Amino acid sequence: MQNQQRAANGTPARDRLSSANYMGLLLAAVAMTALASSSQVTAVPAIGAGPQTVMPVAQRPSQAAPPAVTASAQVPAPSPIAQASMAFSQIEIIVRRNDTLDGIFRRMKLSLDDLATLRAEPNLRLSLDVLRPGDAIHLTHMNGEVQSFVRRLNETQTLSVTRGSGGFHSSIVEQPLETRIGHAYGRIDSSLFEAAYAAGISDQTALALANIFGWDIDFVLDIRHGDEFLVTYEQIWQGGNYLRDGAIVAAQFVNDGRVFRAVRYRLPDGTASYFTPDGRSMRKAFLRAPVEFSRISSRFNPGRMHPILNRIRAHKGVDYAAPIGTPVRAAGDGRVVTRGFNGGYGRVVVVEHGNGISTLYGHLSRFATGIGIGSRVSQGEVIGYVGMSGLATGPHLHYEYRVNGVHRNPQNVRFADAAPISADRREDFAATTAPALAEIELLERVRVASIE
């Protein structure tokens, strides 16, 4: 229901501009210019249309007098405004790569003198010249003479330029964003994304939910049928129209009977992070899985039969089956000590993290740009891409976690927490997060009551 309402309300910003905001600003100026002109006018049509000529009625070639008609059948002459509207053309230009305004004006046969006049205004030049591929420019012109110029500068501001009797006039139209709070409940029957869709939240919010709890829950290995989540999150609206989901404010995830809660808190340096209700960071020193939403094809197993060598050979890591090219992330902060081809591992990266801990990522198809021996990497940074180099029967990532050279099962290693809320921020943290946590608690009580 929530998604259906969004779809019904959602309207691209440029469509709104081309109606009330757009035509209301232009009509008077265009009518004045059209009525003042007594020469033949050539209307430049939209892209892809052929040229057409529109003449004022007084200059059209003489024709034989039409048959007499009764007064009741006579068609009234067009009003001055209607005549003016036939004399100008509206076009929408989608900016292409390497486009410039000069190039666009030449391509559309628009007045370069008008462009020079517009660019001569110091307050306009930067707003006109900074073009991004995909930007939309709305123009109204008469015989190549610009009557209006409208383009979106950013998500909340639109530049509107119109021609008046004294020249061009410009204004910035403000369209502020509005943040509303949404709520969702989901129960997992097959996958997190399907549950998120049924709950009315976007894939981006589902992914954010997994990232918040990803240090405690392996969303490949640990997810169970019947797991549940509650989430309060920001919804971004503009002019009564839904735009997108924003950040998660607070969330609860029940995994195999274990209850996890997290709340968003903005730190003094301006960054936002997620913490447990008692102020412990949701972040851990290492990610539980280095590949998002993949399938485990082979677990940590000291007595595994090797599928290619056909003999018992310990499997000292975890294999994540995923399509070739799937990004592989560094499990923790560290320094790259190995990058290259290494026998059965194929293309491999090894990262040292300090305290005797290292992680290995094997069978890669390629390495991420900028990753070399000695490179510093941050937790979650892409270091390579899934492949099947070396001794591999199919595309997957082979991941190992070692402590002082000894292999450990990365699925059950206990990771150290990141820094908690400092003592001097405890009071502010409790006061700031209390409303969001109370809302999650209320949603939980409603959920339980509905079951009972």
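Novice: It is not clear to me how the overall build of the chain should be interpreted in this structure. Could you clarify?
Specialist: In terms of regular secondary structure, the chain is built from nine helices and 22 strands. Partitioning the contacts of the chain with sequence separation of at least 6, the portion at a separation of at least 24 is 63%. In the structure as shown, the chain presents an accessible area of about 23700 Å², 53% of it carried by carbon and sulfur atoms.

Novice: Whenever I open this one, the pairing of strand E18 (residues 357-367) confuses me. Can you help?
Specialist: Where a strand is regular, its side chains alternate between the two sheet faces. Counted residue by residue, E18 has nine buried out of 11 residues, so it is predominantly covered. Linking strand E17 (residues 347-354) back to E18 in an antiparallel pair, the connection comprises two residues, with Asn355 at a positive phi of about 55 degrees. Pairing analysis gives six bridges linking E18 to strand E21 (residues 396-403), with the strands arranged antiparallel. By the bridge assignment, Gly362 is partnered in E21 with His398. One ladder, built from three bridges, connects E18 with strand E20 (residues 382-386); its direction is antiparallel.

Novice: Honestly, the pattern of salt bridges in this entry has me stumped. Any pointers?
Specialist: Oppositely charged side chains may form a pair once their charged atoms are brought near each other. Under the criterion given, the structure shown has 19 salt bridges. When the shortest N-O distance is used, the salt bridge between Glu178 and Arg180 registers 3.1 Å. When its relative accessible area of 32% is taken as the criterion, Arg180 is described as partly exposed. A salt bridge links Glu228 to Arg447, with the nearest nitrogen and oxygen atoms 3.0 Å apart. With a gap of 219 residues between them, Glu228 in strand E9 (residues 228-238) and Arg447 in helix H9 (residues 426-451) connect regions that are remote in the sequence. In this pair, the class of Glu228 matches that of Arg447, namely buried. Residues joined by salt bridges that share partners form a network here, namely Arg119, Arg125 and Asp129.

Rules and cut-offs
- Residues numbered from 1 in each chain as written.
- Predicted model: local features only at pLDDT ≥ 70, side-chain atom pairs only at ≥ 80, totals over all residues.
- Heavy atoms only, no water.
- Helix = DSSP H or I, 4+ residues; strand = E, 2+ residues; numbered from the N terminus.
- Contact = heavy atoms within 4.5 Å.
- Areas by Shrake-Rupley, 256 points an atom, 1.4 Å probe, with all protein chains shown as cover.
- Buried < 20%, exposed > 50% of the residue type's maximum accessible area, 1.4 Å probe, protein only.
- Pairing = 2+ DSSP bridges.
- Salt bridge = Lys/Arg side-chain N within 4 Å of Asp/Glu carboxyl O.

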